[in-house]
Amino acid sequence: MKIRFTLLLILFCFAAFAQKLETLSVEKIMRDPKWIGVAPSNIHWSDDSRKVYFNWNPDHTDRDELFAIAPTNTKPVKVSPADQRAFTTDGDWNQKHTLKLYEKNGDLFLFDLKTGGIQQLTNTTERESNPIFNGDESKVVFTRGDNLYALKLHGGELIQLTNFTHAAAPAPQIAAVPVGGRRGGGIAAANANRAQASGNEQERWLKAEQLELFDIIKVKDKDRKLDSVEAIAFEQKKLKEIAVGDQAIFGAALSPDGRYITYTLAKTPADAKRVNVPNYVTASGFTEDIPNRTKVGASQPTYESFIFDRQRDTVYKIATAGVPGIKDIPAYFKDYPKELEQRTKRNEDRKVFVRGPYWSGDGKYAVVVINAQDNKDRWIMKLDPATGSLSPVDREHNDAWVGGLGSSNLGWADNTHFYYETENSGYAHIYLADVANGTKKQLTSGNWEVQTLQLSADKKTFYFTANIEHPGVTHFYRIPVSGGTPVKLTGMKGSNTVYLSPDEKWLAISYSYANKPGELYIQPNKPGAAAVQVTSSATDEFKSYPWRDPQLITFKNRYGSDVYAHLYVPARPDPAKPAVVFVHGAGYLQNVTYGWSDHYFREYMFNNMLADNGYTVLDIDYSGSAGYGRDWRTAIYRHMGGKDLTDQVDGVKMLVDKYGVNPKHVGMYGGSYGGFMTLMAMFTQPDVFAAGAAIRSVTDWAHYNHGYTDNILNEPFTDEKAYRASSPIYFADGLKGNLLMLHGMIDQNVNYQDIIRLTQRLIELHKENWELASYPVEDHGFVQPSSWTDEYKRIYKLFEQNLKAK
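The rules we used
- Residues numbered from 1 in each chain as written.
- Predicted model: local features only at pLDDT ≥ 70, side-chain atom pairs only at ≥ 80, totals over all residues.
- Heavy atoms only, no water.
- Pairing = 2+ DSSP bridges.
- Helix = DSSP H or I, 4+ residues; strand = E, 2+ residues; numbered from the N terminus.
- Axes fitted to C-alpha atoms, helices over the stretch in contact; angles between N-to-C directions.
- Parallel < 35°, antiparallel > 145°, perpendicular 65-115°, else oblique.
- Contact = heavy atoms within 4.5 Å.
- Nonpolar A, V, L, I, M, F, W, Y, C, P; charged D, E, K, R; others polar.
- Buried < 20%, exposed > 50% of the residue type's maximum accessible area, 1.4 Å probe, protein only.
- Right-handed = clockwise from strand over helix to strand, strands pointing away.
- pLDDT = per-residue confidence, 0-100.
- Core = buried A, V, L, I, M, F, W, Y, C linked by side-chain atoms within 4.5 Å.
- Salt bridge = Lys/Arg side-chain N within 4 Å of Asp/Glu carboxyl O.

This next bit is on the sheet that holds strand β8 (residues 118-120). Taking strand neighbours across the sheet as the criterion, the four strands line up as β5-β6-β7-β8 in an open arrangement whose pairing is antiparallel. Edge strands, defined here as strands with exactly one partner in the open sheet, are β5 (92-93) and β8. In the sheet, β5 pairs with strand β6 (residues 99-104) via two bridges, with the strands oriented antiparallel. Its bridge partner lying in β6, W93 is registered against K100.

As structure tokens, this is what we get:
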């Protein structure tokens, strides 16, 4: 008995010891992330608000599983495959919120909330999609192929609403008047009439004589005339054929009254060359190409939006020529006088993309959102569907680029008021426009950003997420639709991502803190209500280590602005007083918050390890980061590696002055945009940074994608100065310190070609103090723990060898 007890005690102690994380190492922190614990994800409510569903993996199995809780019973329960098969997907609700249309596996379904019943509306080999209720909710309007259809909910009659064809547009024709035949005989009768009217003078005289002499000829002539009248009476009107040639059709939608169909045609240029990414480690044993993207400046699709008036059987364009500022020339062309003069002479409309229309509930008003393809302007315009003409509701202009306006952040508050989000005040805030009288009202204001926006079911309340209290703290708020003081609904300091129940009585909250990964909480939708924790995902091993709650500090940059940063201060600084600056990537992202970083949790752990080993670590939300308003967001316009880099340099000065860091022992690392910044730091600030690790880095912005790069640097052939000022490859001769470059060879975001071009440049410049580590099976975001481990062992070695030298 004693022996058995002793063995059990030994096993228990061994298990406890094995789960305790006392010393951090690269091998430990770069394991499969399941060792940390798997946080709940894909959180969503059931349609009846009785359950919250989420993916979770508390047992660390190969795959996450679906769990459910009830607001009044928060014990997670696995959802069986049989129950999952009965799930509905997102769809379109009727006005009473009792019926929902949705598409699943290419067929259409109708869900009845009261009974829980599901009716399958289509069962075809063709794919039906985008189902919505029509204006009086008697039909389902949906897309099949290129065309729009309507299906009556009672009776099942299927009506084709459009007849798009990819034939070339026909030349204008004069319609012939049908003069005979029953149901299709009109064409034959018309041909007979044309034959009768044809012939020479002799033939016409003989035909007239026949008609005069013979009664049988007179009877047939009379029948032919009667057939013509009858054919006209019985002839069915054919659906108008709309020939679009080789253009793509999308966004076809029916107005609430059923009269108008709006759609957009897109023409993709044939000369847009795409990159192929070679894949070397393949199942076939042969190198295989992965088709990839175009590069910035490639010819872009052009768009035109149309209205099909079913009542008048005519098609016409939405007229964008009168949009205010449509001919404005972007301000950066002042740096290119010759091109500015040419553009001024051409006096062309800028290319635009029309989104919408968004119809008011009564169908009286329609609003479209128009984006300039150069992204310097966004207009909200009222549409007259009878003419295609537009009148302004709001214009947002930015000489750099306008911020994003998601489709969920706009809509109708009632039949005359349209709500939307804009940065016109300098920060993203909620506005309400009266489209009937043209007035506008700003509902929220302050040096903070509205990040999500949702209108209540009764259209009396706005719910939104914002960082009102602090740039690094997000909470969930509500205000009346008419405006007022925001009421805070969540109370936990950190990051709160909220999922409002359909009945708006409950909040499901994904909450995290800087050193605590996300967990699911449930809370009544009331100010001051307590949030109840549902999941506990972190492993005992992860919780056994005292992860730092990094100091969230501010310092002034050289322009007098506050820069927010995470600071990791070592308990026992190394005698060499080294420091490392981590630079976040992901382009427009906020990393300095009181929440857990889903993007950079590995780097957070590595920063803890660096601090354990005597390094002071700084993580900055530099100019260009999210969360701080329009001017901070666009501070990198036309010069990436400008203010964003000087913020890092100013941060190093702060570390030297305030925390005793040795200015000769400072390194930098980061991935993607952070890798780009590391290259710019090593090439243009060689006296500030002694060593740098550049991961999956952009080396020449002319080789990156169009959507991101064109916003910030315009196009390489129209704004070469911006590309030359912003691309590390032009500054490689400035390298003095020790540079480590690391890149995945099948990177489909920042292509491996990018780092190879810089490598050749360094070779030709006779630089020796650099290395390149290549990862054959990795895309932009590394997956394999072995790759992560190799990568960060090299980075740690770089810092140890170069920042701790006496």
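From this point, the discussion proceeds with the structure in view.
Let us look at the packing of helix α11 (residues 643-659) against helix α12 (residues 673-684). For any two helices packed against each other, the geometry is given by the interaxial angle and the distance between the axes. Running from N to C, α11 and α12 point in directions that differ by 70°, and their axes come no closer than 10 Å. In this view, α11 runs roughly perpendicular relative to α12, as classed from their interaxial angle. Side by side, α11 and α12 meet where D644, L645 and Q648 of the first sit next to Y673, F676, M677, M680, A681 and T684 of the second. Broken down by class, the residue content of the contact of α11 with α12 amounts to six nonpolar, two polar and one charged.

This paragraph deals with unusual backbone geometry. At the junction of G356 and P357, the peptide bond is cis and its omega measures out at 10° in the coordinates. Relative to the assigned elements, P357 resides in strand β21 (residues 352-359). Even without a glycine there, the phi angle at S49 is positive, about 65°. Within the secondary structure, S49 sits in the loop between β1 (41-45) and β2 (52-56). Classification of S49 as buried rests on a relative accessible area of 6%.

In this section: the sheet that holds strand β25 (residues 411-412). Taken in spatial order, the four strands line up as β25-β26-β27-β28 in an open sheet, and their pairing is antiparallel. Every other strand in the sheet has two partners, leaving β25 and β28 (440-442) as the edge strands with one partner each. Of the strand pairs in this sheet, β25 and strand β26 (residues 417-422) are connected by two bridges, and their pairing is antiparallel. Pairing of W412 across the sheet is with F418, part of β26.

The buried fraction of strand β39 (residues 579-583) is high, at five of five residues. Relative to strand β40 (residues 616-620), β39 runs parallel, the two being bridged by four bridges. Bridge pairing in β40 links F582 to D619. Handedness of the β39-helix α9 (residues 601-612)-β40 crossover: right-handed.

Across the protein chain, the average pLDDT comes to 91, with 92% of residues at 70 or higher. This model gives residues 5-17 a pLDDT under 50, and the stretch forms zero contacts once residues within four places in sequence are excluded. Here residues 171-197 is modelled with pLDDT under 50, and outside its nearest four sequence neighbours on either side it reaches 32 contacts, counting other chains as well.

Moving on to the nonpolar core. Judged by nonpolar contacts, the single largest core of 78 residues is most densely connected at F683, F689, W701, L739 and L758. For this core, the element with the highest residue contribution is α12, accounting for eight residues. Filtering out sequence-adjacent residues up to four positions away, L758 remains in contact with L679, F683, T699, I729, A732 and M741.

Looking now at the pattern of salt bridges. Following the criterion strictly, the structure yields 41 salt bridges and no others. Here D246 ties to K267 by a salt bridge, and the two come within 2.9 Å at their closest N and O atoms. With D246 in the loop between β14 (242-243) and β15 (248-254) and K267 in strand β16 (residues 260-267), the pair connects residues that are 21 residues apart, well separated along the chain. Its relative accessible area of 61% is what places D246 among the exposed residues. A relative accessible area of 38% means that K267 is categorised as partly exposed. One salt bridge in this structure joins E339 and R346, with 3.5 Å as the shortest N-O distance. Where salt bridges share partners, they join D328, R350, D374, D377 and R395 into one cluster.

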